[in-house]
Amino acid sequence: DPSGTFVQLRLSLVQTNCGKRAPHRHNCRTLENGRKPTCLACYKFDTGDNPKVLDKYYNCGPSHHLAVKEIKRRDEAECRAVEEAGRAGDPLYLPGMFAFSVGLPA
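Residues numbered from 1 in each chain as written. Predicted model: local features only at pLDDT ≥ 70, side-chain atom pairs only at ≥ 80, totals over all residues. Heavy atoms only, no water.

- Per an unreviewed UniProt entry, the protein chain carries the name Retinoic acid receptor responder protein 2 and comes from Bucorvus abyssinicus.
- Quoted straight from UniProt, the Subcellular location (unreviewed entry) entry for the protein chain says "Secreted". (UniProt positions renumbered as here; feature names shortened; annotations may be inferred.)

Dropping the structure here:
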């Protein structure tokens with residue numbers, strides 16, 4: 001894609017019996033009834049020598065949630081929007097690029 005490189009990552013995480021700062025994290029066991037969030041991350045980088053992030057989206061949520069289908073649908077739509085970032089005819093918008101204010105009546 002001449003507008004840049006699109007990267008999409010899907011991760012399934014599991015809770016273990018080790019703490020975040022445990023010194024021997026290679027001996028951790030997964031908790032049978034622990035949290036099992038699923039994460040989706042999408043990034044679009046430009047094609048320059050020092051790639052910059054054109055757009056990004058990430059979301060982690062519980063895999064057992066009742067609205068999983070709706071969350072997946074929203075995630076897919078957000079990632080499609082990220083993938084389209086920087087394409088011809090699609091001006092790049094960065095937060096803070098435009099500012100609007102309402103004036104008081106004279």
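And the narrative resumes.
Examining the layout of surface pockets
1) Next: Here the largest pocket is characterised by a volume of approximately 280 Å³.
2) Next: Considering the residues around the largest pocket, the lining is formed by 11 residues, among which Val14, Gln15, Thr16, Cys18 and Lys20 are closest to the centre.
3) Next: Among the residues making up the lining of the largest pocket, the classes are represented as five nonpolar, three polar and three charged.
4) Next: Approximately 240 Å³ is the volume found for the second largest pocket.
5) Next: What lines the second largest pocket is a set of 14 residues, among which Arg10, Thr38, Cys39, Lys72 and Asp75 lie closest to the centre.
6) Next: Listed by contribution, the elements that provide at least two residues to the lining of the second largest pocket are strand E1 (5-12), strand E2 (37-45), strand E3 (53-62) and helix H1 (68-84).
7) Next: Take the lining of the second largest pocket: its biggest share by element is four residues, from H1.
8) Next: When grouped by side-chain class, the residues that make up the lining of the second largest pocket number six nonpolar, five polar and three charged. (1 Å grid on protein atoms, 1.4 Å probe; cavity = no way out; pocket = protein on both sides within 12 Å on 5 of 7 lines; lining within 4 Å. Points joined across faces, edges and corners; volume = space filled by probe spheres on them. Nonpolar A, V, L, I, M, F, W, Y, C, P; charged D, E, K, R; others polar. Helix = DSSP H or I, 4+ residues; strand = E, 2+ residues; numbered from the N terminus.)

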